[in-house]
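Report on the structure
Take a look at the letters that make up each chain.
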Amino acid sequence: MSNIVEIKVPDIGDFDSVEVIEILVAVGDKIEAEQSLITVESDKASMEIPASVGGVVKALKVKLGDKVSQGSEILEVEVTGGAPKAAPAPAPEPAEPAAPAPAPVSAPAAPAPMASSAPDRTSPTAAFAEADMPLRNLPHASPSVRHFARELGVNLSQVTGSGPKNRIMADDVRAYVKQALSTGGTSPVGSTVPAGGGFSVLGWPKVDFTKFGEIESKPLSRIKKISGANLHRNWVMIPHVTNNDVADITELEALRQQLNVENKKSGAKVTMLAFLIKAVVAALKKYPEFNASLDGDNLVLKRYFHIGFAADTPNGLVVPVIRDADKKGVMELAAETSELAGLAREGKLSPSQMQGGCFSISSLGGIGGTDFTPIINAPEVAILGVSRSAMQPVWDGKGFQPRLMLPLSLSYDHRVIDGAAAARFNAYLAGLLADFRRIIL
Ligand code: CAO
């Protein structure tokens, strides 16, 4: 059986009417699912749109210079064999791809936003990478130039483009390498960072592991590649400090369980995460510098409360965002986090469901651990890590009482937040969780 499938531009976030700058396939080509079809470029970024299905290209519906938006038809493919799978949406290329893969960007195109059953799809936001950040910061360069840069180990975000709209050309990469070598670096990225400062580090060790035993080599998932690049940037560029505290959630957990018994019939489940989001919003209102982003020498204070939460998926970490969490009740927050976490696991989150976060929560409480250092999700300035609650003996002035204690690990950007402010924020949060009635004060 064969059928013709139209491949359209999927949900590409806030980007509308973007120019087609490259067409990577021709009529008659046999293409694989997830192969890049076209490159589009906005004022700030370029991204590749991949195929949602494999087959033979029957007709091209775009030409160079066309402006496309979500839903614009790209091409027709004749699919041989079973029904085509729906597919994920494209992800912006990370500023610095973590691995020399041809296109760590892509994710299949689909008429419906991000609908996909394919296992390995991209979420630009993966771990602590706000979905729209890489788009904003992306250097302009064609896939071939990006490939060339990757081969040389050049970080394109450090290269000045001389092409139209500051597009980075192959010659710019060559000039960058020449300059790096002439200023004493032995490798543009691997060994030393060129003039302009930065770290001087050893190259990554190259080891033939087979000398020591049997191995298996597996490519990283796209989510891991994109999140890895973002985590790396955030870890290196943000001076992190983590403040650890504990909250007495004995009463709150009792309330949660009681509500869940009461709601058993309806199936609605109240989660600790929902209470945490509610309490975090109250703490952000009291300490607005935590609901902020650095923009050069300015601090941008946000008057909205969109809270991201890390969700563990089979392909890596993603951070769905609850919009306007301040306007939602605990039951609504619980239902929405559960729905978004489900979509995340199925790879069906759209870019817009991962954008605009003000503050993130990474809850490992259901799994275990006592404390950890969450990495801040730039351009946010703080993140709350939550570990497993445990019964502990707590001194009440007369004796030790068994209390359920929840560990709170608050990582903050020390350029914006002082240690004392972080301690106050975390202590305030712990106080709210210990006595949830304070939320209404
Ligand atoms: N302490 C003890 N138990 C906890 C807990 C905590 N802090 N938080 C949740 N639990 C328990 C719940 O009570 C529940 O147990 P029951 O099924 O017996 O009621 C179980 O853990 C699952 O909890 P949940 O359904 O409420 O889910 P959750 O809110 O814990 O997690 C989500 C939702 C999306 C945050 C989670 O699935 C997830 O993906 N966590 C991983 C996040 C992550 O990877 N962060 C790391 C980022 S840094 O690399």
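Please refer to the structure higher up on the page.
Being a predicted model, the structure only gives us computed values, none of them experimental. (Residues numbered from 1 in each chain as written. Predicted model: local features only at pLDDT ≥ 70, side-chain atom pairs only at ≥ 80, totals over all residues. Heavy atoms only, no water.)

Here we look at the pattern of salt bridges
Enumeration according to the criterion identifies 15 salt bridges in this entry. Note that K58 and E78 form a salt bridge whose closest N and O atoms lie 3.6 Å from each other. Here the residue K58 occupies a position in strand β6 (residues 55-60), and E78 occupies one in strand β8 (residues 73-80), the gap between them amounting to 20 residues. On the basis of relative accessibility, which here comes to 41%, the residue K58 falls in the partly exposed class. Close ionic contact of R437 with D435 constitutes a salt bridge, the shortest N to O distance being 2.8 Å. Residue R437 is classed as exposed on the basis of its relative accessible area, which comes to 62%. Residues participating in the shared-partner salt-bridge network are D248, E251 and R403. (Salt bridge = Lys/Arg side-chain N within 4 Å of Asp/Glu carboxyl O. Helix = DSSP H or I, 4+ residues; strand = E, 2+ residues; numbered from the N terminus. Buried < 20%, exposed > 50% of the residue type's maximum accessible area, 1.4 Å probe, protein only.)

Re the site of the ligand
Taken together, 21 residues are adjacent to the ligand, and D312, R345, S362, S387 and S389 come closest. In this structure, R256 approaches the ligand through a side-chain N or O atom, which is 3.1 Å from an oxygen atom. Relative to its unbound accessible surface of 970 Å², the ligand loses 69% to contact with the protein. Breaking the shell around the ligand down by element, the ones donating at least two residues are β13 (311-313), α7 (330-346) and β16 (359-363). Residues that form the shell around the ligand fall into these classes: nine nonpolar, seven polar and five charged. (Near = heavy atom within 4 Å. Polar contact = N/O pair within 3.5 Å; in protein donor to acceptor, adjacent residues only side chain to side chain. Areas by Shrake-Rupley, 256 points an atom, 1.4 Å probe, with all protein chains shown as cover. Nonpolar A, V, L, I, M, F, W, Y, C, P; charged D, E, K, R; others polar.)

A short note on helix α5 (residues 250-262)
With 13 residues, α5 extends 19 Å from end C-alpha to end C-alpha; this agrees with the ideal 18 Å at 1.5 Å per step. Of all the positions in α5, only T250, L252, E253, R256 and N260 are classed as buried. Where α5 is buried, its residues contact β9 (240-248), α6 (272-286), β19 (400-413) and α8 (419-434). (Expected span 1.5 Å × (residues − 1). Contact = heavy atoms within 4.5 Å.)

Digging into the pairing of strand β4 (residues 36-41)
Burial analysis of β4 places six of its six residues in the buried class, the great majority of the element. Note: strand β2 (residues 18-23) against β4, four bridges, orientation antiparallel. Counted as the bridge partner of E19 is E41 from β4. (Pairing = 2+ DSSP bridges.)

Let's talk about the environment of L333
Mapped onto the secondary structure, L333 falls in helix α7. Its relative accessible area of 0% is what places L333 among the buried residues. Note: C-alpha distance between L333 and K278 (55 residues apart in sequence) is 8.1 Å. When neighbours within four sequence positions are excluded, L333 is seen to be in contact with A274, I277, K278, I322, A325 and K328.

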